[in-house]
Amino acid sequence: MSCSAGSSCNSIPSHKPRRSRRSRGCWDTLDTDSQSLSALGHFQTLPLEIFHMVLKYLSGTRRLLLQDFHNLELPGRREGASILEHYKSLGLLLKRCTLLLPTRDRLKYVHKVLSEVSCFKLSGCASPLHCLGLKCYGVFLQILTAGWDELECHRVFNFLWELSSLARKVQTVVSSRAGSARKLELRIRLYCRRVLLNHWIHRSDFAFWLTRILKPWPIVNQARLLYIIFGPVSSLDGHVVWQKMIEGPTDESSLKGLAEAIKLLYDTEAREWTADDVISLVDELSVVPQEWLMENNARLLLLSGNNICFTFMASKAVNGRAVELARLMVFMALVCEKDLYCMDWVVKMMQKVCRVFSTPWERNNFLQCLENTFAHMLMDMLQAVLAGGHDEEDNTFLNLFHLVNAQANFHKEILFLAMRSSPNTT
């Protein structure tokens, strides 16, 4: 399905209405009224220095550490709402109690308080998928470190990196055969998302912590780690599905997490990443663990946004990779047809890419490659359909149907564009 000839292409087209998002600064002052601190009881009336002394010497501080992380909570309540609120309040309490201490001492003190909670550790819970422990730890740390400067946050990350032996464990999974350490991959994914990433409201904070996770590694390992954290997982056991991008076309939901992470790193919030860094990461990601189907590459680029998509394709144009670029453009059209995006977006992207070529011959060669690719793909699919012998799971005929419609709608938009620019049209 394509849009009318006059549809706009200023952003990646979408068939779904966008929800408006109200954002708040991540350093917003927390509400400290009696409701949010009710879990602390009368202790909140004590001067902070005195309360700090009480906590230091009182063995009963463990009573502050609720550990009912596997309870489904009361009916009608959002899952884990009360225990998460408790650890938000506890994070605020310890933030205030350790206010006068240096960052290193604050972290050591907090670790001493929380060290007995096994579910706060990377490998501490026997059932991590059904545990709220890491989420509670994440919200606790977010409240504790809110307002800290970048240098202090670096120290927090280094402290957690060392405390959880995350470097050694990440090294194991990124250097091993994909899927050979499935349980460890899952634990790293959950720890990174639930403790370090998911609780930040502001994009710049999310970008800061994601950069800390990825930057210590070479580009090949960055791509592998990005897939572990944001790639598709099994709905049955939560393990990373490594073959998803290789065995057949996938859907938006499997790529959305990866696309959002890529957009975040490309945006200005991620100051330590250049456009070339991100494009190289996307290129490397497309062969994790093996070369992806081109349709999945195209879908990821489309979901990643206009800027990344154009930069990625322009780099191929500059480097003389016209045949590869043409195949990618055809699959862009196919994805737009399948996912009900506006086809004029593909045509306008093609126009932008054509301006990158330095000579008319290079541009015309690319356009010829584009038409040849459409023809070859149609013939290959038609031969597969005529060969027969397909089972019920085979989608060969449906893919042929989509490709024929994609080609028709793609060329229709080109005709509309040509007619609008013609001086004899009214």
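Per-chain numbering applies: the sequence of each chain, read as written, is numbered from 1 onward. Local features in this predicted model are restricted to residues whose pLDDT is 70 or higher, and side-chain atom pairs enter the listing and the counts only when it is 80 or higher, whereas totals over whole chains, interfaces and linings include all residues. Hydrogen atoms and water are omitted, and side-chain values are computed over all heavy atoms in the structure.

Draft legend 1. Local environment of the overall build of the chain. Going along the chain from the N terminus, every DSSP run of H or I of four or more residues is numbered as a helix, and every run of E of two or more is numbered as a strand. The helix and strand tally for the chain stands at 18 helices and zero strands. Classification of residues uses two cut-offs on accessible area relative to the type maximum, computed with a 1.4 Å probe and protein chains only: under 20% is buried, over 50% is exposed, and between them is partly exposed. Residues counted as buried form 47% of the 426 residues belonging to the chain. We call two residues in contact when some of their heavy atoms are within 4.5 Å. In the chain, the share of contacts with a sequence separation of at least 24, taken over all contacts with a separation of at least 6, comes to 73%. Per-residue and other accessible areas follow the Shrake-Rupley method at a 1.4 Å probe size, with only the shown protein chains counted as cover for residues. Accessible surface computed for the chain: about 22400 Å², of which carbon and sulfur atoms make up 54%.

Draft legend 2. The arrangement of the environment of serine 280 in detail. Mapped onto the elements of the fold, serine 280 is located in helix α12 (residues 275-285). Residues serine 280 and phenylalanine 312, 32 residues apart in the sequence, show an inter-C-alpha distance of 8.9 Å.

Draft legend 3. Structural view of helix α11 (residues 252-266). The terminal C-alpha atoms of α11 lie 20 Å apart, and with 15 residues this matches the ideal 21 Å at 1.5 Å per residue to within 8%. The axis of α11 is deflected most strongly, by about 25°, at leucine 258. Residues of α11 that are buried: Glu252, Ser254, Leu255, Leu258, Ala259, Ala261, Ile262, Leu264 and Leu265. Buried residues along α11 sit in contact with α8 (203-214), α9 (219-230), α10 (244-247), α12, α13 (294-304) and α14 (306-318). Multiplying 1.5 Å by the residue count of a helix minus one yields the expected span of that helix. In this analysis the local bend is the angle between axes fitted, respectively, to the seven residues ending at and the seven residues starting at the residue.

Draft legend 4. Representation of the state of the cysteines within the structure. Note on terminology: pairs of cysteine sulfur atoms within 2.5 Å are recorded as disulfides. Counted by the stated rule, this structure contains zero disulfides. Unpaired in terms of disulfides, cysteine 309 finds its nearest cysteine sulfur in cysteine 336, a separation of 9.0 Å. With a relative accessible area of 0%, cysteine 309 lands in the buried category.

Draft legend 5. The arrangement of unusual backbone geometry in detail. Omega for the bond connecting valine 288 with proline 289 falls within 30 degrees of zero, at -5°, which places this linkage in the cis form. With respect to the secondary-structure elements, proline 289 resides in the loop between α12 and α13. For serine 165, which is not glycine, the phi dihedral falls at a positive 55°. Looking at the secondary structure, you find serine 165 in the loop between α5 (150-163) and α6 (166-175). Residue leucine 340 is not a glycine yet carries a positive backbone phi of 65°. Mapped onto the elements of the fold, leucine 340 is located in the loop between α15 (322-338) and α16 (344-354).

Draft legend 6. How the structure looks around the nonpolar core. Residues belong to one nonpolar core when they are buried, are Ala, Val, Leu, Ile, Met, Phe, Trp, Tyr or Cys, and are joined through side-chain atoms within 4.5 Å. Within the largest apolar cluster, 129 residues are counted, with the highest numbers of intra-cluster contacts made by Phe69 and Tyr87. What tyrosine 87 contacts, discounting residues up to four positions off in sequence, is Leu65, Leu66, Phe69, Phe120, Cys136, Val139 and Phe140.

Draft legend 7. Structural detail: the confidence of the model for the chain. Residue-level confidence of the predictor is summarised by pLDDT, bounded by 0 at the bottom and 100 at the top. For the chain, per-residue confidence averages 86 on the pLDDT scale, and residues scoring 70 or more make up 81% of the total. Ranking the elements of the chain by mean pLDDT puts helix α1 (residues 48-57) last, at 62, and α9 first, at 98. In the model, residues 1-10 has pLDDT below 50 throughout and makes 25 contacts with residues more than four positions away in sequence or in other chains. For the stretch residues 16-39, pLDDT sits under 50, and the model shows 24 contacts to residues farther than four places along the chain or on other chains.

Draft legend 8. Highlighting the packing of aromatic side chains. Ring pairs are drawn from Phe, Tyr and Trp, using the six-membered ring of Trp, whenever the two centres fall within 6.5 Å, and their geometry is named by plane angle: stacked under 30 degrees, edge-to-face over 60, tilted for the rest. Using the criterion set out here, one finds 14 aromatic pairs in the structure. Judged by centre distance (6.5 Å) and plane angle (70°), the ring pair of tyrosine 227 and tryptophan 292 falls under edge-to-face. Highlighted residues: tyrosine 227 in helix α9 and tryptophan 292 in the loop between α12 and α13, separated in sequence by 65 residues. Just as tyrosine 227 is buried, tryptophan 292 falls in that class too. These aromatic residues form a ring-pair network of at least three members: Phe157, Trp161, Trp200, Phe208, Trp209 and Trp217. Here lysine 215 stacks its cationic end above the ring of tryptophan 273, 4.2 Å away from the centre of that ring. Put simply, a charge is over a ring when the Lys NZ or the Arg CZ is close to the ring centre, within 6 Å, and near the line of the ring normal, within 35 degrees. Across from the ring centre of tryptophan 242, 5.4 Å away, lies the NZ or CZ of arginine 224, which sits over that ring.

Draft legend 9. Up close: α8. When the terminal C-alpha atoms of α8 are compared, their 16 Å separation across 12 residues agrees well with the 16 Å that a helix rising 1.5 Å per residue should span. Within α8, 10 of the 12 residues are buried, which leaves it mostly tucked inside the rest of the structure. Where α8 is buried, its residues contact α5, α7 (182-197), α9 and α11.

Draft legend 10. The arrangement of a nonpolar patch on the surface in detail. Exposure above 30% relative accessible area and no salt bridge define the residues that can form patches, which grow by joining like charges within 9 Å and nonpolar side chains of Val, Leu, Ile, Met, Phe, Trp and Tyr within 5 Å. Here, a salt bridge means any Lys or Arg side-chain nitrogen found within 4 Å of an Asp or Glu carboxyl oxygen. Among the surface-exposed residues, Met379, Leu382 and Leu386 lie close enough to one another that they form a single nonpolar patch of about 310 Å² accessible area. Position of methionine 379 among the secondary structure elements: in helix α17 (residues 360-387). Note on methionine 379: relative accessible area 45%, which makes it partly exposed.

Draft legend 11. Seen up close, the pattern of salt bridges. As enumerated under the stated definition, the model contains 13 salt bridges in all. Between arginine 271 and glutamate 150 there is a salt bridge; the shortest N-O distance is 2.4 Å. Within this pair, whereas arginine 271 is found in the loop between α11 and α12, its partner glutamate 150 is found in helix α5, the two being separated by 121 residues in sequence. On the basis of relative accessible area, arginine 271 is assigned to the exposed category, the value being 64%. With a relative accessible area of 36%, glutamate 150 lands in the partly exposed category. Residue aspartate 277 is joined to lysine 215 by a salt bridge in which the shortest nitrogen-to-oxygen separation is 3.8 Å. On the criterion of sequence distance, the pair formed by aspartate 277 in helix α12 and lysine 215 in the loop between α8 and α9 is long-range, its members being 62 residues apart. A relative accessible area of 26% places aspartate 277 in the partly exposed class. Overlapping salt bridges bring together Glu295, Arg299, Lys338 and Asp339 as one network.

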